[in-house]
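Geometric and topological summary
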Amino acid sequence: MILDVVDRAETSLCKMTTVRIDEGFPSSVFLAGLEARGIHHVARLRANPTLDRLAELHMNRPAAPEGRLHCKARLWRDDGV
C-alpha cells in the first residue's frame, strides 16, 4: 500500500510536508491516511464536467478597463500549460 511507502520514507529519509497524488490515487482511504498523519496533499482530479462548468466563469481574463484594449483574449490556467 502507498501509505506504507509514505511511512517508510518518513522514517528513513525525511519528514514529508506535501504529497502530490496523480488522478488514479485519491481514494477516501488513502486521503484519510494522509490526513491522519498530518501530511498535506494535492491531488489531480479526473476530468469532471460539473467542476469544469463551475470553473468556466473563473478561467477567462476579466474585461479590460474602459479605454484599454486587449490585443488578444487570454486564458488563465493553473495546470502548468
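Residues numbered from 1 in each chain as written. Predicted model: local features only at pLDDT ≥ 70, side-chain atom pairs only at ≥ 80, totals over all residues. Heavy atoms only, no water.

Looking now at the packing of helix α1 (residues 2–12) against helix α2 (residues 28–36). In contact at an axis separation of 10 Å, α1 and α2 are set at 20° when each is read in the N-to-C sense. As judged from the angle between their axes, α1 and α2 are roughly parallel. As α1 runs across α2, the sense of the crossing is right-handed. Between α1, through I2, L3 and V6, and α2, the contact on the second element is made entirely by V29, F30, G33 and L34. When the residues that make up the contact of α1 with α2 are grouped by side-chain class, the tally is six nonpolar, one polar and no charged. (Axes fitted to C-alpha atoms, helices over the stretch in contact; angles between N-to-C directions. Helix = DSSP H or I, 4+ residues; strand = E, 2+ residues; numbered from the N terminus. Parallel < 35°, antiparallel > 145°, perpendicular 65-115°, else oblique. Left-handed = near helix turned anticlockwise from the far one by under 90°. Contact = heavy atoms within 4.5 Å. Nonpolar A, V, L, I, M, F, W, Y, C, P; charged D, E, K, R; others polar.)

On to the confidence of the model for the protein, then. Taken as a whole, the protein shows an average pLDDT of 79; of its residues, 78% reach a score of 70 or greater. Element-level pLDDT for the protein is lowest in strand β1 (residues 18–21), with a mean of 84, against a maximum mean of 89 in α2. (pLDDT = per-residue confidence, 0-100.)

Next up on the list: the pattern of salt bridges. Counted according to the given criterion, the structure contains three salt bridges. Across the pair R37 and D7 runs a salt bridge, and its minimum N-O distance is 2.7 Å. Of this pair, R37 sits in the loop between α2 and β2 (40–43) while D7 sits in helix α1; the two residues are 30 residues apart in sequence, bridging distant segments of the chain. Across the salt bridge formed by E10 and K15, the nearest N and O atoms sit 3.5 Å from each other. (Salt bridge = Lys/Arg side-chain N within 4 Å of Asp/Glu carboxyl O.)

Of all hydrophobic cores here, the largest spans nine residues; its members are L3, V6, A9, M16, V19, I21, F30, L34 and I39. Listing elements by their share of this core, those giving two or more residues are α1, β1 and α2. At three residues, α1 tops the list of elements feeding residues into this core. Not counting chain neighbours up to four residues away, the residues in contact with I21 comprise P26, F30, L31, L34, H41, V42, A43 and R44. (Core = buried A, V, L, I, M, F, W, Y, C linked by side-chain atoms within 4.5 Å. Buried < 20%, exposed > 50% of the residue type's maximum accessible area, 1.4 Å probe, protein only.)

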